[in-house]
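Residues per chain are reported as follows:
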Amino acid sequence: MAPRNIYLAFATAVLLGFSVPGLAAFEPLPLVAPAPADNPTTAAKVTLGKQLFFDPRLSIDGTVSCNSCHDVTGNGTDSRSVSVGVDGQVGVRSAPTIWNAAFLSSQFWDGRAPTLEEQAKGPILNPIEMGMPHQEATAQRIREIPGYRQQFAAIFGGKDPVTLDNIAKALASYERTLITPNSPFDQYLRGDKTALSSEAVAGMKEFENLGCARCHRGPALAGPANMPTGEVFYQWFPAFASRYDQEFNLKEDLGYNETKSPRPHTGKWRVPTLRNIALTAPYFHNGSVKTLEKAVQVMAKAQLNREINDRQIAILVAFLTSLTGEFTLQTTPQLPAASDQPVNVTTKH
């Protein structure tokens, strides 16, 4: 069975209520994110990636940066229901937090990007988000900035170091430093049993009893901890029909698009992280739910076919709030000065 199908089979077992042996239970968030062999993390690369992350010149009109939608001076999102790109264009999905994204085995709500490097390219070339028309136009924009040209040469070497692939490598290197460790939950898992309130402990037990932990487990609470990079732990959402389907337009967007399938939109979504979930409202792929309390209620019905009471909601929220970690202060970096010569970005390639 192919790895992707293995995880689909696991998700099926979850929805049917079967137990799945051999998977890691809750784990503390690691302090360092692993880097791929072809993109080792270095201090210089992280510095370059941070500059690029904050630089709106990566967008066609110089108005949108990565940080515009994934604000690392805050919760790693733009706190909108859906994001706004160049020319005020509005997307269809909420921006997921970039904090701790390094611990996900795949990226985007639908898991279509296997790595942070691949994810970094998507918004840059998306006509609604950052609007760059093609890869060479992006490289050309950055290549015309002397400071960047010098940094890329020093870090990547070669005849033409400024490429979209290397831009993505730098961005991903920076993003792998965006970790929020030492939440009360992490402290509890490491042995400090006073780190969680009695309500949070009750909520953790309820989280397991209801079956939430069958999907939300591992260090990021986003699926099995040992999933290979690029494999996707999907869940069908919503798994059960309910009044919330219409109230929150849960079926308007059907998630992962299998382009070779006769029914390409599958209704499958990558299991999202719950780290810092108390800070990242609004919730779900379309940002349709404004509060964590309501999100918990909707998930219980839509995924587990359970109606939960106010007490259950309160203790679950107490547990989820304990997943808020420590944020490293991110300041806006100084960006390289633009070239004196105008940059002409072609619209065809």
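Going by the structure above, here's the rest.
Residues numbered from 1 in each chain as written. Predicted model: local features only at pLDDT ≥ 70, side-chain atom pairs only at ≥ 80, totals over all residues. Heavy atoms only, no water.

**Considering the overall build of the protein chain**
Along the protein chain, the regular secondary structure elements total 12 helices and two strands. Going from N to C terminus, the protein chain has its helices and strands arranged as α-α-α-α-α-α-α-α-α-β-α-β-α-α. Counting the 349 residues in the protein chain, one finds 52% classified as buried. The long-range share in the protein chain, meaning contacts at least 24 apart out of those at least 6 apart in sequence, stands at 71%. When the accessible surface of the protein chain is totalled, it reaches about 15900 Å², and 54% of it is carbon and sulfur. (Helix = DSSP H or I, 4+ residues; strand = E, 2+ residues; numbered from the N terminus. Buried < 20%, exposed > 50% of the residue type's maximum accessible area, 1.4 Å probe, protein only. Contact = heavy atoms within 4.5 Å. Areas by Shrake-Rupley, 256 points an atom, 1.4 Å probe, with all protein chains shown as cover.)

**Concerning the nonpolar core**
Formed by 40 residues in total, the largest nonpolar core has its most connected members in L52 and L171. Going through the elements one at a time, α2 (43–54), α4 (116–125), α5 (135–143), α6 (146–156) and α7 (164–175) are the ones with two or more residues in this core. Counting residues per element, this core draws most heavily on α7, at seven residues. When neighbours within four sequence positions are excluded, L52 is seen to be in contact with L58, I142, Y148, F152, I167, A170 and L171. In this structure, L196, V289, I313 and L320 belong to the second largest nonpolar core, which totals 37 residues. (Core = buried A, V, L, I, M, F, W, Y, C linked by side-chain atoms within 4.5 Å.)

**Re α7**
Because the α-helix completes a turn every 3.6 residues, residues three or four places apart line up on one side. The first and last C-alpha atoms of α7 sit 16 Å apart over 12 residues, in line with the 16 Å expected at 1.5 Å per residue. The buried count for α7 comes to 10 of 12 residues, which makes it a mostly enclosed element. Those residues of α7 not exposed but buried are L164, N166, I167, A168, A170, L171, A172, S173, Y174 and E175. Those residues of α7 that are buried lie in contact with α2, α3 (66–69), α4, α5 and α6. (Expected span 1.5 Å × (residues − 1).)

**A closer look at the packing of aromatic side chains**
Each aromatic ring pair is characterised by the separation of its centres together with the angle its planes make. In the structure shown here, the tally under the stated rule is 12 aromatic pairs. Among the aromatic residues, those joined into a ring-pair cluster are F26, F185, F207 and F319. Above the plane of the ring of F108 lies R112, whose end atom (NZ or CZ) is 3.8 Å from the centre. (Phe/Tyr/Trp six-rings, centres within 6.5 Å; stacked < 30°, edge-to-face > 60°. Lys NZ or Arg CZ within 6 Å of the ring centre and 35° of its normal.)

**Examining the side chain of D55**
Along the chain, the position of D55 falls in the loop between α2 and α3. For D55, the side chain forms a polar contact with the side chain of R57, separated by 2.8 Å. Here Y148 takes part through its side chain, which lies 2.8 Å from a polar atom of the side chain of D55. Other than its neighbours up to four places away in sequence, D55 contacts V64, S65, Y148 and L335. (Polar contact = N/O pair within 3.5 Å; in protein donor to acceptor, adjacent residues only side chain to side chain.)

**Here's the deal with the packing of α2 against α6**
For the pair α2 and α6, interaxial distance at closest approach is 10 Å and the crossing angle is 145 degrees. Two packed elements cross with a definite hand, and for α2 against α6 that hand is left-handed. Taking contact as the criterion, the partners of A44, K45, L48, Q51 and L52 in α2 are, on α6, Y148, Q151, F152, I155 and F156. When grouped by side-chain class, the residues that make up the contact of α2 with α6 number seven nonpolar, two polar and one charged. (Axes fitted to C-alpha atoms, helices over the stretch in contact; angles between N-to-C directions. Left-handed = near helix turned anticlockwise from the far one by under 90°. Nonpolar A, V, L, I, M, F, W, Y, C, P; charged D, E, K, R; others polar.)

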